[in-house]
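Here is what each chain is made of, one letter per residue.
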Amino acid sequence: MGGAVSAGEDNDELIDNLKEAQYIRTELVEQAFRAIDRADYYLEEFKDNAYKDLAWKHGNIHLSAPCIYSEVMEALDLQPGLSFLNLGSGTGYLSSMVGLILGPFGVNHGVELHSDVIEYAKQKLDFFIKTSDSFDKFEFCEPSFVTGNCLEISPDCTQYDRVYCGAGVQKEHEDYMKNLLKVGGILVMPLEEKLTKITRTGPSAWETKKILAVSFAPLIQPNHADSGKSRLVHLPPVAVRSLQDLARIAIRGTIKKIIHQETMSKNGNGLKNPPRFKRRRVRRRRMETIVFLDKEVFASRISNPSDDNNCDELEDERREEEETKPSELKPDPPVNFLREKVLSLPLPDPLKYYLLYYREK
């Protein structure tokens, strides 16, 4: 599934292509896609294909095509503070992007059938938190994953504001999926070969919208052959943040506001100087006069006042082009102003590193 947009040279170019094709339509979704490099969720030997609009599968590890994830993210209509359940959470790529939008007071849970994929997802999540340049630009709702079949979720589980299922849902399981939603919630899932958005408008009222035709592997049915009993999946409890954690979120938020105010002040309330356009220099051509006289040809150059300065003008133009030519050197890495501010605070080092989530950079 996929191939709807051109491949990109890197993550940003892939997102540019998704925007141009109208798969990404909102700023929040665009920011989340740019913040997490899709290639980071590939095995090293397959990274050459990371920026193609194609699904990828290796063993139990699977990623849907970027155009599918784009439509899913847009259809979910994510907002800070919501609760999200990802059924078939896989590598955690989608859950991590969702977590950037939900913010520190959201809920972000995933259910995955294969324990090896859960371990893979945890490794990728840890890598993102410790190394990503984007992490400090957001306040992150870290996903929590549990192993099990998503058709065996305990009936006493909490309901969610947003639910996504990453496998084809059979018609007989449609009501089961709907009951995972709170009133006002949104469910997105492949249903009868269509990516479908279902909104719960009341206790027994639903609105359904077909988004696009898709082809997903069907949900794996529970197997009770061994014990004959259902293995209920217990979702993580909705945890209350500690006072220490709340203080970290508040301090980071305050520092970000200070950085923003300082940036606005330096740039004159955010209004940068208008871009300077290079004046196009008109190059004057030498004019030749050709005279035919009694079968003989006489040629002469008509003098031009600017001819004497022509070489100087060409030299000036060459110099201007050299000055305005973008440097071929690699650009400097982006400055993490939040990290710099935190490290400059008169605090003990352990507290500084706690504020930075013990990140390496």
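Only a predicted model underlies this, so the values are computations on that prediction, with no experimental measurement involved.

Participant: Please give an account of the state of the cysteines that cites residues and values.
Facilitator: Per the counting criterion, the structure on display carries zero disulfides. The thiol sulfur of C165 is not disulfide-bonded, and the nearest other cysteine sulfur, from C150, lies at 4.9 Å.

Participant: Help me get a handle on the sheet that holds strand β8 (residues 194-202), residues and values and all.
Facilitator: Pairing is mixed in the open sheet, where seven strands are placed in the order β5-β4-β3-β6-β7-β8-β9. One side of each edge strand has no neighbouring strand; the edge strands of this open sheet are β5 (144-147) and β9 (205-213). Between one strand axis and the next, the sheet turns by 15° as a mean value, whatever way the strands run. As defined by bridge partners, strand β3 (residues 83-87) adjoins strand β4 (residues 107-112) across five bridges and the pair is classed as parallel. If you follow F84 over to β4, its bridge partner there is N108. On the sheet, helix α3 (residues 66-76) packs against β3, β6 (160-165), β7 (181-191), β8 and β9 and is oriented at approximately 165° with respect to β7. Contacting β4 and β5, helix α5 (residues 115-131) crosses the sheet at an angle of about 165° to β5.

Participant: Run through the packing of aromatic side chains, naming residues and quoting values.
Facilitator: A full pass over the atoms with the stated rule returns nine aromatic pairs. Look at Y69 and Y93: their rings are 5.4 Å apart centre to centre, the planes differ by 70°, and that puts the pair in the edge-to-face class. With Y69 in helix α3 and Y93 in helix α4 (residues 93-102), this pair connects stretches of sequence that are 24 residues apart. One exposure class covers both Y69 and Y93, and it is buried. Each ring, one from F128 and one from F140, has its centre 5.4 Å from the other, and the planes form 65°; the classification is edge-to-face. With F128 in helix α5 and F140 in the loop between α5 and β5, this residue pair connects regions lying twelve residues apart in the sequence. Taking relative accessible area as the criterion, F140 reaches 8% and is therefore assigned buried. Feature note: the residues F128, F135, F140 and Y357 constitute an aromatic cluster, connected by ring pairs.

Participant: Just give me the short version of α5, but keep the residues and values in it.
Facilitator: Over its 17 residues, α5 runs 24 Å from end to end, which matches the ideal 24 Å to within 8%, given 1.5 Å per residue. Of all the positions in α5, only V117, I118, Y120, A121, K124, L125, F128, I129 and T131 are classed as buried. Contact partners of the buried residues in α5: α2 (27-35), β1 (56-58), β2 (61-63), α4, β4 and β5.

Participant: Describe the confidence of the model for the chain, listing the residues and the values that go with them.
Facilitator: Per-chain confidence: the chain averages 85 in pLDDT, with 79% of residues scoring 70 or above. Counting contacts from residues 272-307, a segment whose pLDDT is below 50, to residues more than four positions away or on other chains yields 33 contacts.

Participant: Explain the environment of D126 to me, using residue names and the numbers behind them.
Facilitator: Residue placement: D126 occurs in helix α5. The class of D126 is partly exposed, set by a relative accessible area of 35%. Residues D126 and E142, 16 residues apart in the sequence, show an inter-C-alpha distance of 10.0 Å.

Criteria and thresholds
- Residues numbered from 1 in each chain as written.
- Predicted model: local features only at pLDDT ≥ 70, side-chain atom pairs only at ≥ 80, totals over all residues.
- Heavy atoms only, no water.
- Disulfide = S-S within 2.5 Å.
- Pairing = 2+ DSSP bridges.
- Helix = DSSP H or I, 4+ residues; strand = E, 2+ residues; numbered from the N terminus.
- Axes fitted to C-alpha atoms, helices over the stretch in contact; angles between N-to-C directions.
- Contact = heavy atoms within 4.5 Å.
- Phe/Tyr/Trp six-rings, centres within 6.5 Å; stacked < 30°, edge-to-face > 60°.
- Buried < 20%, exposed > 50% of the residue type's maximum accessible area, 1.4 Å probe, protein only.
- Expected span 1.5 Å × (residues − 1).
- pLDDT = per-residue confidence, 0-100.

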